[in-house]
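Listed below, chain by chain, are the residues.
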Amino acid sequence: MKRIRKQALALIAVPIAAAAAFFAGGVSPSDAQTSGNGRYEGVATCAGSTCHGRAEGNGEVVRQDEIATWQEPSSSTGAHSRAYAALASPRGRQIAASLGLGAATSAPACLGCHATYVPQSRQGARFQVSDGVGCETCHGPSSGWLAVHYAAPATHASNVAAGLNPLERPQTRARICLDCHFGSADGNQFVTHSMMAAGHPRVAFELDLFSALQQHHDEDDDYAARKGGTDSVALWAVGQAEAVRRSTDLFARDGIGTQGVFPEYYFYDCHSCHRSISDGPQRKLTFETNPGRPIPFGMAPYNDENIIMLSAVSRALAPGRASAFDAASKNFHRAMGQGRGQAVAAAQKLSGEAAALSTALAQRSYSGNDAFTVVQMISDRATNPRFTDYAGSAQAVMAVDTLLNAMVRDGRITVGAAAGIRANINRAYAAVRSPNSYQPAQFRAALGQATRAIGALR
């Protein structure tokens, strides 16, 4: 059974093949063990036929067709390589023209995520910005480790010490991905509401799903010996924690969390405002009261899709921190109705709780039953009523599907058993096929059916 279902791709604002912007990556020093001061040597330095440039993967240690996978012209695995070209597309030109940026292919606000965008002083002889999001965007500048990383006595630990990013660590991977798949404070890596108004896709993030879409390596015995195995539940859970941490950290920053006299609407739920408006004699509510969001009636809610997931994660996998996180979450939403100062303080508190959860989730051991436990928490009585908005619901069904695939991969349930409940998953996907047709009650019912069916297999 494939780890990633095609239905998950439909949750992205535009089809993956046409939305390189959604999958763009970026260089960031946000993690203490990334980037450093190394030089970026360019994709061509990785493309030798004895390295990563073979047409077919038949290497003994690594596949050696990584460049071909990265360049794949039609599937999600090639999205990073297509990121720069997307800037010259009709959509890219239209967005840049609307914002007065000049050519998108040379605008820093675009290149920060559509290319490996670094100063010329850090570009090697074979570096090309037109490569898009290249190898070193994720793996780090290669000048310190390129010539030695493949030969004895080099080890993964020695390569990391020389500047290779340790992407097998969920926190490191999440922070690098989030730089563009949510935003960073390092400059030119933030999709503003103005950009979305000009036509940029809505940004969403789920670490395990995105990792699978971009995977160009095999997790075989050699990989496990060098880096350890990947646990999908850990990857997903830490990704949720780091997303909340990043979101609330950015929101609290002056110049990012506000735009003039207005808040930066990027942080808020899009569909709470972008809905049809009627002026009939009787009101027709376009939202539901959310028990996890104590905000004044009629106020635009903060996009809490990752907050909802992390609440479920904390109760399932880190119960000692669950009550503190939920209290900080409610206080953050409540502060939205009090003022910017109160909201910033509450955001900083919530960011700290998310950071503590991230560390706890990264350090804990995982068992085969963890995926079952999280799935049940996602739709239990405490969480299910919180699915009142499209974004949170889309995040939930992606999570359930991700965790179901983890159960299959780990041998907890059979391929046949998973296929037998696929209809339940499909109903949940159908309920979030489009934000314009989203019905909260129908989604909650469909998600409940899916999670009960999975629970019956435990």
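Per chain, residues are indexed from 1 in the order of the written sequence. Given that the model is predicted, a residue must reach a pLDDT of at least 70 before its local features are reported, and side-chain atom pairs must reach 80 or more before they are shown or counted; all residues, however, enter totals for whole chains, interfaces and linings. To get the side-chain values, all heavy atoms of the structure are used, and hydrogens and water are removed first.

**Details of a nonpolar patch on the surface**
Put simply, the test is: Any residue with relative accessible area above 30% and no salt bridge may belong to a patch, with like charges joined within 9 Å and the nonpolar Val, Leu, Ile, Met, Phe, Trp and Tyr side chains within 5 Å. Calculation of accessible area relied on Shrake-Rupley with a 1.4 Å probe; when residues are assessed, cover is drawn exclusively from the protein chains displayed. Salt bridges are defined by distance alone: a side-chain nitrogen of Lys or Arg within 4 Å of a carboxyl oxygen of Asp or Glu. A run of H or I in DSSP becomes a helix once it reaches four residues, and a run of E becomes a strand once it reaches two; helices and strands are each numbered from the N terminus.
On the surface, a nonpolar cluster with roughly 340 Å² of combined accessible area is contributed by Val-261, Phe-262 and Tyr-265. Residue placement: Tyr-265 occurs in the loop between β2 (262–263) and α13 (270–273).

**Observations concerning the confidence of the model for the chain**
The cut-off we apply is this: Per residue, pLDDT captures the predictor's confidence, and it can take any value from 0 to 100. Two residues qualify as a contact provided that any one of their heavy atoms is within 4.5 Å of a heavy atom in the partner residue.
This prediction gives the chain a mean pLDDT of 89; 92% of its residues lie at or above 70. Note on residues 1–34: pLDDT is under 50 here. Beyond four places in sequence and across chains, it has 115 contacts.

**Notes on the pattern of salt bridges**
Stated formally: Relative accessible area decides the class of each residue, using a 1.4 Å probe on protein chains only: under 20% of the type maximum gives buried, over 50% gives exposed, and in between gives partly exposed.
Using the criterion set out here, one finds 20 salt bridges in the structure. With a shortest N-O distance of 3.2 Å, Glu-242 and Arg-175 are connected by a salt bridge. On the criterion of sequence distance, the pair formed by Glu-242 in helix α12 (residues 232–251) and Arg-175 in helix α8 (residues 170–181) is long-range, its members being 67 residues apart. Judged on exposure class, the residue Glu-242 and its partner Arg-175 are both buried. The partner of Asp-304 in a salt bridge is Arg-293, with the nearest N and O atoms 3.2 Å apart. Here the residue Asp-304 occupies a position in the loop between α13 and α14 (305–317), and Arg-293 occupies one in the loop between α13 and α14, the gap between them amounting to 11 residues. Here Asp-304 matches Arg-293 in class, with each residue buried. Residues participating in the shared-partner salt-bridge network are Arg-63, Asp-65 and Asp-218.

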